[in-house]
Amino acid sequence: MTAESEWWRQAVVYQIYPRSFADGNGDGEGDIRGMIEKLPYLEQLGVDAVWVSPWYPSPMADGGYDVSDYRDIDPRFGTLADADEFIADAHARGLRVIIDLVPNHSSDQHPWFQAALTAPPGSLDRARYHFRDGRGEDGNLPPNNWPSLFGGSAWERVTEPDGKPGQWYLHMFAPEQPDWNWDNPEVVEEFDSILRFWFDRGIDGLRVDVADALVKDRDLPDTPQEHDSEYGTWKRFEGSPFWDQPGVLLIQQRWRVIADSYADSPQGARVFCSEANADPLEKLVRYVGPGQLHSTFNFDHLHSEWTASSLRHMIDRSITAHQAVSAPTTWVLGNHDSARVASRYGKPITGRVYTTLGASEETKHWGAEDLERQPTDVALGRRRARAAALLELALPGGAYIYQGEELGLNEVEDLPAAVMQDPSFFRNHGKIRGRDGCRVPLPWSGTEPPFGFGADTWLPQPADWAQITAEAQDGDPSSTLNVYRAALALRRTLPALGEGRLLWDESWGPDVLCFDREPGVSCLVNFGADPVALPAGTRVLVASGELVGESVPSDVAVWLAR
Ligand code: NOJ
């Protein structure tokens, strides 16, 4: 078992996307009041912590990842007093609270960016962001060829106060999200202060948005990478001038010192989970370990296909790489940026192929656009997603549950264009559907939309979610919700689960994964078409689906007591 001060090494963290979680004031958008009302639900679910996606004041050009004030709460979500109440109430129930830190960019409505717009080129106000003159005869070409991750150029030209076209500013995401200049000590100090503001308010940790992007090559050279100018690029590559620059690790070491300085507070030192996409894995784990951040999302897990061999290789590689830096591995099946697992696993291609070396060359760069065109068998996907949950929760390290995974929610793949909000949908002229389909408000109760939200929800819910509301699943012992509850309750009581070793049982064929956790627990997942017999002398603790006599059918996982 892990010491209480090291709770993060094996914590199960539930991601709340506030706009879509629970609606306390009945306006069709989630809010903090709703989050407070659902704390008993989360307590009963049995998670250890929550991670709240941005709740700060924001024009919502990118779902809150465009922050206009880092020290307040957006009125649509409530007030700072509501946030304090949420944190206190969560703590009273034994739940830790992690919030999102968005340090790569602000909103274009942030007072510092507004000041930069009215200040002259070369001013201190502009030096907090990346302003540059354009190329070409009259500066009408962007300063370099960098792509925005949401498509198009990463540069936007401003109109100077005199009304003439002027300099350009860098935005690796939407134009409404100008990138901070982390070479400027004022920016560094501002974020030190933001960290302390929230740590002093009692939060237990921070999830760091695009942690590998903060620092740019100071010369802002052209990128040698070929990119699809329509789709932008999330792909990391050796020699990139905007990903994984050495200075990033120095900033994070500085933050670690701040978090550690809270060690003597009642909650203990505060923690970080980084959203870094550094590739390969050996590069990624430089972000974590003693003196660095505590943990990092394991996106190889999220991207892996649903096969025994890919998952086996991904698990082995992840554990080995993290052990080398004394950091726990994390396991992630979904988040607010990716198609829901219950839909991904119901497609003919379920993800990337992993080998002992990592993602195969052929599938490495598959993105949303490749996968979303495939047809979905939701019933199959849901069945696999439940098995995937038992696999995830039996692995050593921490685990993340994206809101609604515990209900088996599917991606809403038929949202009409008129309701779409994700900037990546618009910047790609609708060629990729973007991330709205995983952000549809949760179905809590009742038999028709808005399913416990107060009014028309900000994204429409499918009518067939009537069968999978939290209320509908509550009393059904075989529901997805109750599989999660049972597994999380066992995880709390069984010392074998959480951190510690995993020992593969190699006696099974290629379509079965089976491993032991000590003392006395095994996890078996059947990926094959035919049922496999339960090992002799074992007792089923929890199963993701109905067993056939003494056999585990296709796409079912079980936890066994030995
Ligand atoms: C990653 C976040 O998870 C995503 O939602 C956001 O669009 C980008 N970072 C930019 O902040």
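As the structure is a prediction and not an experimental result, all values here were calculated from the model.

### Let's talk about the overall build of the protein
If you tally the helices and strands in the protein, you get 16 helices and 20 strands. By the compact-globule yardstick of 24 Å for 562 residues, the protein fits well, its C-alpha radius of gyration being 23 Å. Counting only C-alpha atoms, the protein reaches 80 × 50 × 50 Å along its principal axes. For the protein, long-range pairs separated by at least 24 residues make up 69% of all intrachain contacts whose partners lie at least 6 apart in sequence. Total accessible area computed for the protein in this model is approximately 20,700 Å², and 52% of it derives from carbon and sulfur atoms. A gap of 2 Å separates the mean positions of the 50 positive and 85 negative side-chain charges of the protein.

### With respect to the site of the ligand
Taken together, the neighbourhood of the ligand is formed by Asp62, Tyr65, His105, Phe150, Phe173, Arg207, Asp209, Glu275, His336, Asp337, Arg435 and Arg439. One nitrogen or oxygen atom from the side chain of Asp62 is found 2.6 Å from an oxygen atom belonging to the ligand. In this structure, Asp209 approaches the ligand through a side-chain N or O atom, which is 2.6 Å from an oxygen atom. Contact with the protein chains covers 100% of the free accessible surface of the ligand, which is 290 Å². Here the shell around the ligand is composed, by residue class, of 3 nonpolar, 2 polar and 7 charged.

### Observations regarding the sheet that holds strand β14 (residues 503-504)
Here 5 strands make up an open sheet; going across it, the order is β14-β15-β16-β20-β18 and the pairing antiparallel. Two strands in the sheet have a free side with no partner beyond their single neighbour: β14 and β18 (539-543). Pairing between strand β16 (residues 521-526) and strand β20 (residues 556-561): 6 bridges, direction antiparallel. Counted as the bridge partner of Val525 is Ala557 from β20. Packing of helix α10 (residues 308-323) onto the sheet brings it into contact with β14 and β15 (512-517), and relative to β15 it is tilted by some 35°. Those strands touched by helix α16 (residues 480-493) are β18 and β20, and its axis lies near 125° from that of β18.

### Details of the pairing of strand β5 (residues 155-159)
Bridging between β5 and strand β6 (residues 165-170) involves 4 bridges; their strand directions are antiparallel. Considered in β6, the bridge of Trp155 is made with Leu170.

### So, the sheet that holds β6
If you walk across this open sheet you meet the 3 strands as β4-β6-β5, and the pairing is antiparallel. Looking along the sheet, the strands with just one partner apiece sit at the ends: β4 (131-132) and β5. Here 2 bridges tie β4 to β6, and the two strands are oriented antiparallel to one another. Across the sheet, residue Phe131 finds its bridge partner in β6, namely Tyr169.

### Re the pattern of salt bridges
Counting across every chain of the model gives 39 salt bridges. Where Asp192 meets Arg254, a salt bridge forms, and the shortest distance between an N and an O atom there is 2.6 Å. Of this pair, Asp192 sits in helix α6 (residues 185-201) while Arg254 sits in helix α7 (residues 246-260), and the two are 62 residues apart along the sequence. Among the ionic pairs, Arg286 bridges to Asp244, the shortest N-O distance being 3.4 Å. In this pair, Arg286 is assigned in the loop between α8 (281-284) and β9 (295-296) and Asp244 in the loop between β7 (205-208) and α7, connecting sequence segments 42 residues apart. The buried category is assigned to Asp244, whose relative accessible area is 13%. One salt-bridge network, in which partners are shared between bridges, spans Asp62, Asp337, Asp422, Arg435 and Arg439.

### Brief notes about helix α13 (residues 378-394)
Here α13 spans 24 Å end to end across 17 residues, near enough to the 24 Å set by a 1.5 Å rise per residue. The buried count for α13 comes to 12 of 17 residues, which makes it a mostly enclosed element. Listed as buried for α13 are Gly381, Arg384, Ala385, Arg386, Ala387, Ala388, Ala389, Leu390, Leu391, Glu392, Leu393 and Ala394. One side-chain oxygen of the residue at the start of α13 lies 3.3 Å from the amide nitrogen of Ala379, identifying that residue as Asp377.

### Thoughts on the packing of helix α4 (residues 80-92) against α6
As a packed pair, α4 and α6 sit with axes 10 Å apart at the nearest point and diverge in direction by 55°. Taken together, α4 and α6 sit at an angle that is classed as oblique. Contacts between α4 and α6 involve Leu80, Asp84 and Ile87 on the former and, on the latter, Phe197, Trp198 and Arg201. Within the contact of α4 with α6, the residues separate by chemical class into 4 nonpolar, no polar and 2 charged.

### Some remarks on the pairing of β15
In terms of residue burial, β15 counts as a mostly covered element, since 6 of its 6 residues are buried. Side-chain alternation along β15 places Val512, Cys514 and Asp516 on one buried face and Leu513, Phe515 and Arg517 on a second face that is also buried. Relative to β15, β14 is paired through 2 bridges, and the arrangement is antiparallel. Within the sheet, the bridge partner assigned to Leu503 lies in β15 and is Asp516. As paired strands, β15 and β16 are joined by 6 bridges and run antiparallel to one another. The residue of β16 that forms the bridge with Phe515 is Cys523. From the end of β15 to the start of β16, which pair antiparallel, there are 3 residues, and Gly520 there has a positive phi angle of about 75°.

### Some points on the nonpolar core
Tyr14, Leu42, Trp55, Phe86, Trp182 and Trp559 are the most contacted members of the largest nonpolar core, which has 150 residues in total. Counting residues per element, this core draws most heavily on α13, at 8 residues. The contacts of Trp182, once residues within four sequence positions are left out, are Pro103, Val187, Val188, Phe191, Leu214, Val215, Ile251 and Trp255. Listed in part, the 15 residues of the second largest apolar core include Trp146, Leu170, Ala213 and Leu220.

### A few points about the packing of aromatic side chains
Throughout the structure, instances matching the rule amount to 33 aromatic pairs. Judged by centre distance (5.0 Å) and plane angle (80°), the rings of Phe113 and Tyr129 are edge-to-face. Here Phe113 is found in helix α5 (residues 111-118), whereas its partner Tyr129 is found in the loop between α5 and β4, with 16 residues between them in sequence. On the basis of relative accessibility, which here comes to 1%, the residue Phe113 falls in the buried class. Residues Trp504 and Phe515 carry aromatic rings whose centres are separated by 5.4 Å and whose planes lie at 80° to one another, so their mutual orientation is edge-to-face. You can see Trp504 sitting in strand β14 and its partner Phe515 sitting in strand β15, a full 11 residues away along the chain. Just as Trp504 is buried, Phe515 falls in that class too. Looking at Arg128, its charged tip hangs above the ring of Trp112, at a distance of 3.8 Å from the centre.

Criteria and cut-off values
Residues numbered from 1 in each chain as written. Predicted model: local features only at pLDDT ≥ 70, side-chain atom pairs only at ≥ 80, totals over all residues. Heavy atoms only, no water. Helix = DSSP H or I, 4+ residues; strand = E, 2+ residues; numbered from the N terminus. Rg over C-alpha atoms; globule rule 2.2 N^0.38 Å. Contact = heavy atoms within 4.5 Å. Areas by Shrake-Rupley, 256 points an atom, 1.4 Å probe, with all protein chains shown as cover. Lys, Arg positive; Asp, Glu negative; His and termini not counted. Charge placed at Lys NZ, Arg CZ, Asp CG, Glu CD. Near = heavy atom within 4 Å. Polar contact = N/O pair within 3.5 Å; in protein donor to acceptor, adjacent residues only side chain to side chain. Nonpolar A, V, L, I, M, F, W, Y, C, P; charged D, E, K, R; others polar. Pairing = 2+ DSSP bridges. Axes fitted to C-alpha atoms, helices over the stretch in contact; angles between N-to-C directions. Salt bridge = Lys/Arg side-chain N within 4 Å of Asp/Glu carboxyl O. Buried < 20%, exposed > 50% of the residue type's maximum accessible area, 1.4 Å probe, protein only. Expected span 1.5 Å × (residues − 1). Parallel < 35°, antiparallel > 145°, perpendicular 65-115°, else oblique. Core = buried A, V, L, I, M, F, W, Y, C linked by side-chain atoms within 4.5 Å. Phe/Tyr/Trp six-rings, centres within 6.5 Å; stacked < 30°, edge-to-face > 60°. Lys NZ or Arg CZ within 6 Å of the ring centre and 35° of its normal.

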